[in-house]
Amino acid sequence: MGTIEVPVAVSEECLAALDAAVAAGRFASRSEAIADAVRRAFSAESKAAVGESYRRAYEKRPEESWVGRAGAHLLQDRVATERRR
């Protein structure tokens, strides 16, 4: 897939953090860092939408209470793990 340049305005604070991440070697360039942030944001949004779909489905058709608690706990652990990445 090709790429398209998109001008992006950020605060000086954000730019300093971005440059620090590039200088530390976390990203090869500002562009790579911003693209990664956008991918992560959309990934998180997608995962949140799936979680919301499950929540609505379980409201309509709840399982036995222990199954719901176990599933919610597992989902919560998964979300916390993803946020740490």
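All residue numbers refer to position in the chain's written sequence, counted from 1. Two thresholds apply to this predicted model, a pLDDT of at least 70 for residue-level local features and 80 or more for giving and counting side-chain atom pairs, whereas whole-chain, interface and lining totals are computed over all residues. The side-chain values count all of the structure's non-hydrogen atoms but skip hydrogen atoms and water molecules.

What about the pattern of salt bridges?
A pair is scored as a salt bridge if a Lys or Arg side-chain nitrogen falls within 4 Å of a carboxyl oxygen belonging to Asp or Glu. One pass over the full model with this rule turns up 7 salt bridges. The salt bridge partner of Asp36 is Arg39, with a shortest N-O separation of 3.8 Å. Of this pair, Asp36 and Arg39 both sit in helix α2 (residues 30-60), 3 residues apart, which is roughly one turn of the helix. On the basis of relative accessibility, which here comes to 17%, the residue Asp36 falls in the buried class. The partner of Arg56 in a salt bridge is Glu52, and the shortest N-O contact between them spans 3.5 Å. You can see Arg56 and its partner Glu52 sitting in helix α2, 4 residues apart, about one turn around the helix. Each residue is assigned to one of three classes by its accessible area relative to the maximum for its type, calculated with a 1.4 Å probe on protein chains only: buried under 20%, partly exposed between the two thresholds, exposed over 50%. A relative accessible area of 42% places Arg56 in the partly exposed class. Judged by its relative accessible area of 28%, Glu52 is partly exposed. Salt bridges sharing partners connect three or more residues here, namely Asp36, Arg39 and Arg40. Under the scheme used here, helices are H or I runs from DSSP no shorter than 4 residues and strands are E runs no shorter than 2 residues, and both carry numbers assigned from the N terminus.

Section: the layout of surface pockets
The probe, sized like a water molecule, is rolled over the atoms to show the empty space still left. Here a cavity means grid points, on a 1 Å grid over the protein atoms only, where a 1.4 Å probe fits yet cannot get out; a pocket means an open set of points with protein on both sides within 12 Å along at least five of seven lines; lining residues are those with an atom within 4 Å of a point. Grid points are joined across faces, edges and corners, and a volume is the space filled by probe spheres set on the points. Approximately 760 Å³ is the volume attributed to the largest pocket. Looking at the lining of the largest pocket, the elements that each hand over two or more residues are α2 and α3 (65-84). With 11 residues, α2 is the largest single contributor of residues to the lining of the largest pocket. Residues were grouped as follows: Ala, Val, Leu, Ile, Met, Phe, Trp, Tyr, Cys and Pro as nonpolar; Asp, Glu, Lys and Arg as charged; and all remaining residues, including Gly, as polar. Tallied by class, the residues present in the lining of the largest pocket amount to 9 nonpolar, 4 polar and 8 charged. For the second largest pocket, the calculated volume is near 430 Å³. As for the second largest pocket, its lining consists of 14 residues, of which Ile4, Val6, Ser31, Ile34 and Ala35 are closest to the centre.

Concerning the confidence of the model for the chain
Averaged over all residues, the pLDDT of the chain equals 87, while 95% of them reach at least 70. pLDDT measures how confident the predictor is about each residue, on a scale from 0 to 100. Here α3 stands out as the least confident element of the chain, with mean pLDDT 82; helix α1 (residues 12-23) is the most confident, with 96.

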